Amino acid sequence: MKKIILLGLIASMPSYYVYADNNQEHTFFSSIGDDPFFKDSKFYLSTRNHWKYLKENAAQQKEVHSAWGQAFSFDYKSGYLFDTLGFDVTYNNVIKLGASDYFASRNLLYNHGKGLNKHNATGFNKFTQRYAKIKLGDDDSTVNFNGKMGWHSLKDFGVISSSQHLTRNSYLGYSGTLKYDNFAFSLGYITSTLPRESSRKVHFMSLDGKHVIDNISTAEIAYKDKNMTLDYSYGVAKDYLRRHAIELAYKPIPKLTLGAQFYGSYALKNHDKMKQNVTDFEDHAWHYATDLEWKETDWSIKVGLGYTDANKRNAIGYYHRHLGKNNRARFNGMAATGADYMRDGEWVISSILSYDFIKDNTSGLYLNYGEFNYKHDTLKNGEINVFNIWTPSSGMFKNLSILSKFGYGWSYKTQSVKDITPKLRHGKAQRSPTLSAETAIDYRFNIL
């Protein structure tokens, strides 16, 4: 509108004024358009259709956990004003397509009510990310810094992470990374979260829901070159937990990668205040893992071994991946599936086998097997999953990705949803089978 008024005023001026003002206007708007803040801006529209299904009877009678939704995401990423300052915004809208009772465990739809009734399932919308960003130096400089302040997602940043279902969870706070040659130093501080299945801001909480975790702070130092990555992270959920995370990857030859991960938690005063039947461990818990991966042009195999030490008196301890409730913590071990495979004294072997039968299409098997001892009985659990991923690299479907997987698993009946101690019958654990399936269809449009 302002431009239209300006052109109208110019048209009413004498001709000897018009020529000069047109040049000035052209120069003014050209200079704005050439500014990196606008010139480097990008705008994306992404869609995701996600369905998750689980049938199990571990803590109750056989139940189905199912949720299905459609998400639309709008992402704006500005350039940098003065090559230093900018801002990014992500807006998500989620539509409910279907739900069963117990849908909330799938973390796709908002539970608008109490209990586990399917009628509580609704869609939601939110500004998932809205943050200011700063950079000092270019990415290829020997020294550079990138920082964010506001609501933003953090993927494997220190001991914190974000995961995506229909949306990605985000945190309120600040984070920054200083890079020097092959080294990176990171600091982060967050105070609250927008969960991936909700638009409602919530605080971090203890597992029993009685103690607010005021903030989570984290620091990280990493080294990376073409053959090796070494990362150490430390974090504190105030008055609740201390966390260590060590990750290593080494390539002795291009096709082979050797990996190791060590994750440890130490209880602080508010963790010790919880009742014993709520806590996952008494004083500390560690999960140790190692793996190797071999990659060829059209196939790959990855095999890993893990062990958990999480002592708990007169019960089964457990390494809890997250720092209490309402956050996602860093965990890149192969045994990343709920409570299974991370119980005290449990050994687990995992493997992923994949093969590209046709171009841009990967099919494979994901397998886990774990066992541990409880009251002179060896408890065994495992799963077999078949998956397929289609990601066209050219043509009209270039930005499309379709994931599908289904699988069968077996474990044991537990005392309750929160207490993973086996429910015994005549001194023996009772078998508990599971059936799971999932599809996710993603497509991204580059608007600007």
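The name recorded for the chain in an unreviewed UniProt entry is Outer membrane porin, OprD family, from Frischella perrara.

**A closer look at the pairing of strand S18 (residues 299–309)**
When strand S17 (residues 284–295) meets S18, the two strands line up antiparallel, connected through ten bridges. When the bridges of S18 are listed, Lys295 appears paired with Ser300. Joining the antiparallel neighbours S17 and S18 is a turn of three residues. The pairing of S18 with strand S20 (residues 347–358) spans nine bridges and is classified as antiparallel. In the strand pairing of S20, Ser300 is matched with Ser354.

**Focus: the nonpolar core**
Ranked by internal contacts, the top residues of the largest apolar core, which has 32 residues, are Ile160, Ile190, Ile216, Tyr240 and Leu323. Within the residue set of this core, elements represented by two or more residues are strand S15 (241–253), strand S16 (256–267) and strand S21 (361–374). Residues contacting Tyr240, with those up to four places away along its chain left out, are Ser206, Leu207, Ile213, Tyr266, Ala267, Leu268, Asn270, His271, Met274, Leu323 and Gly324. In this structure, Ala67, Leu108, Leu109 and Phe124 belong to the second largest nonpolar core, which totals nine residues.

**Remarks on unusual backbone geometry**
Phi at Asp83 takes a positive value of approximately 60°, unusual for a residue other than glycine. Summarising the element assignment, Asp83 is placed in the loop between strand S2 (63–77) and strand S3 (85–99). Asp83 gets classed as partly exposed once you look at its relative accessible area, which sits at 42%. Here the phi dihedral of Asp239 falls at roughly 60°; this positive angle occurs in a residue that is not glycine. Position of Asp239 among the secondary structure elements: in the loop between strand S14 (228–237) and S15.

Cut-offs used in this document
Residues numbered from 1 in each chain as written. Predicted model: local features only at pLDDT ≥ 70, side-chain atom pairs only at ≥ 80, totals over all residues. Heavy atoms only, no water. Pairing = 2+ DSSP bridges. Helix = DSSP H or I, 4+ residues; strand = E, 2+ residues; numbered from the N terminus. Core = buried A, V, L, I, M, F, W, Y, C linked by side-chain atoms within 4.5 Å. Buried < 20%, exposed > 50% of the residue type's maximum accessible area, 1.4 Å probe, protein only. Contact = heavy atoms within 4.5 Å.

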